[in-house]
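Single-letter residue listing:
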Amino acid sequence: MAEFSWDIRSPLDRALVAGPHGARGDAGVSLTEIRNFDLVQVMARRGKAADVAKAAKARFGVAAPETPKAVGAADAMLIWSGPDQFMVLSKGGKHGIEALGQAFASSASLSDQSHARVLISIAGTKARTMLAKLSSIDLHPDVFAVGSAAATSMDHTSVTLWRGNDRPDGQAVFNLLAFATFAESLWHTVLDSAAEYGVTISHSEEL
Amino acid sequence: MRITCPFCGERELGEFTYLGDAKPVRPAADAGEDAVYDYVYLRDNIAGVMSENWYHGGGCRAWLKVTRNTLTHEISAVEPAAGAGAAKVGA
Ligand SMILES: [Zn+2]
């Protein structure tokens, strides 16, 4: 049998060039790709939604989102992805597929999405203006507050969008999860939309 | 046109896919050839209020039953399709 050697790379390994992009001067948009995270899709089995809610509460100490919200636990983020389903975003394997498989063994079907998605964190004074070109979601602070989430589409690509905690300087942070195979396409669309405001590009291992 | 998904809220048409008439019901196994032919092929071309299946593929990926007036595009009701998407629905 052939021997395979798998090399784990970010879906933006080729496309992402760290540094400034677009208009010069103070960057209006900052784009940070988050790499090497654990992501597990949890979908309640038919009629088991209450059991999943109970298992999630026991595991994470917080209630899993039942509406389009992202809920922060001590060491994980629970992000709504559809009716009776959510994603668990974490680092370091503590809430990886093996661990969660036991916690939800009798109530949910799980799918490991850790290397199947790209995660892009978007901030900056022009973040909302830039996203308004790509999204039909109302991102006004009164409507899309910290912890709001949406399963939606950008540039015909399905994405999960949620607003994280504000940065220390008070700026809003928008997180974007998309299928890895669409990562480069979406990335270029985001770059094109952001170029006129000036962009700072980086990647990070920190959630 | 916008559709208010019962799970996601109001969304643009581009996030949805139209499947067609939500009324036809699969006939019983012994219903006979005419009933099956009708179920598979024959559709009413309704000018007015119609019950339709829509898929929120660009969002929460739930199947929805939409009541829409085909003359005005006015949508009077949107509900989850039975047994589709949610573990709660049709359980
Ligand atoms: Zn929806």
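One can find the structure itself at the top, above this paragraph.
Here goes a summary of the coordinates provided.

Calculation rules
Residues numbered from 1 in each chain as written. Chains lettered and ligands numbered in written order. Predicted model: local features only at pLDDT ≥ 70, side-chain atom pairs only at ≥ 80, totals over all residues. Heavy atoms only, no water. Helix = DSSP H or I, 4+ residues; strand = E, 2+ residues; numbered from the N terminus. Buried < 20%, exposed > 50% of the residue type's maximum accessible area, 1.4 Å probe, protein only. Contact = heavy atoms within 4.5 Å. Donors = N, O, S within 2.8 Å, 3.2 Å for Na, K, Ca; no water. Salt bridge = Lys/Arg side-chain N within 4 Å of Asp/Glu carboxyl O. Core = buried A, V, L, I, M, F, W, Y, C linked by side-chain atoms within 4.5 Å. Patch = residues over 30% accessible without salt bridge, like charges linked within 9 Å, V, L, I, M, F, W, Y side chains within 5 Å. Areas by Shrake-Rupley, 256 points an atom, 1.4 Å probe, with all protein chains shown as cover. Lys, Arg positive; Asp, Glu negative; His and termini not counted. Charge placed at Lys NZ, Arg CZ, Asp CG, Glu CD.

### A short note on the environment of A:Ala99
Residue and element names in this part refer to chain A. Along the polypeptide, Ala 99 turns up in helix 2 (residues 97–103). By relative accessible area, Ala 99 is classed as partly exposed at 23%. Non-local contacts of Ala 99, meaning those with residues more than four positions away in its chain, are made with Arg 59 and Lys 94.

### Quick word on the coordination of the zinc ion
All names here are of chain B. Donor atoms from the polypeptide that bind the zinc ion are Cys 5 (SG), Cys 8 (SG), His 56 (ND1) and Cys 60 (SG), placed at 2.0 to 2.5 Å. Taken in sequence order, the residues that donate to the zinc ion follow the motif C-x2-C-x47-H-x3-C. Here Cys 8 is found in the loop between strand 1 (2–5) and strand 2 (9–12), whereas its partner His 56 is found in the loop between strand 4 (49–55) and strand 5 (63–69), with 48 residues between them in sequence. The exposure classification of Cys 8 matches that of His 56, with both residues buried.

### Brief notes about the pattern of salt bridges
One pass over the full model with this rule turns up 12 salt bridges over all chains. A:Arg9 is paired through a salt bridge with A:Asp13; the nearest N and O atoms lie 3.4 Å apart. Note that B:Glu10 is salt-bridged to B:Arg2, the shortest N-O span being 3.6 Å. B:Arg2 carries the same exposure label as B:Glu10, and that label is exposed.

### Topic: the nonpolar core
All names here are of chain A. Judged by nonpolar contacts, the single largest core of 32 residues is most densely connected at Leu 31, Ile 122, Met 130, Phe 174 and Trp 187. Taken together, the elements giving at least two residues each to this core come down to strand 2 (29–34), strand 8 (117–123), helix 3 (127–132), strand 9 (149–154), strand 10 (157–163), strand 11 (174–179), helix 4 (183–194) and strand 12 (199–204). With 6 residues, helix 4 is the single largest residue contributor to this core.

### Re a negative patch on the surface
Residue and element names in this part refer to chain B. Taken together, the side chains of Glu 33, Asp 34, Asp 38 and Asp 44 make up a negatively charged region of the molecular surface. Tracing the backbone through its elements, the reader meets Glu 33 in helix 1 (residues 33–41). Residue classification places Glu 33 among the exposed residues on the basis of a relative accessible area of 71%.

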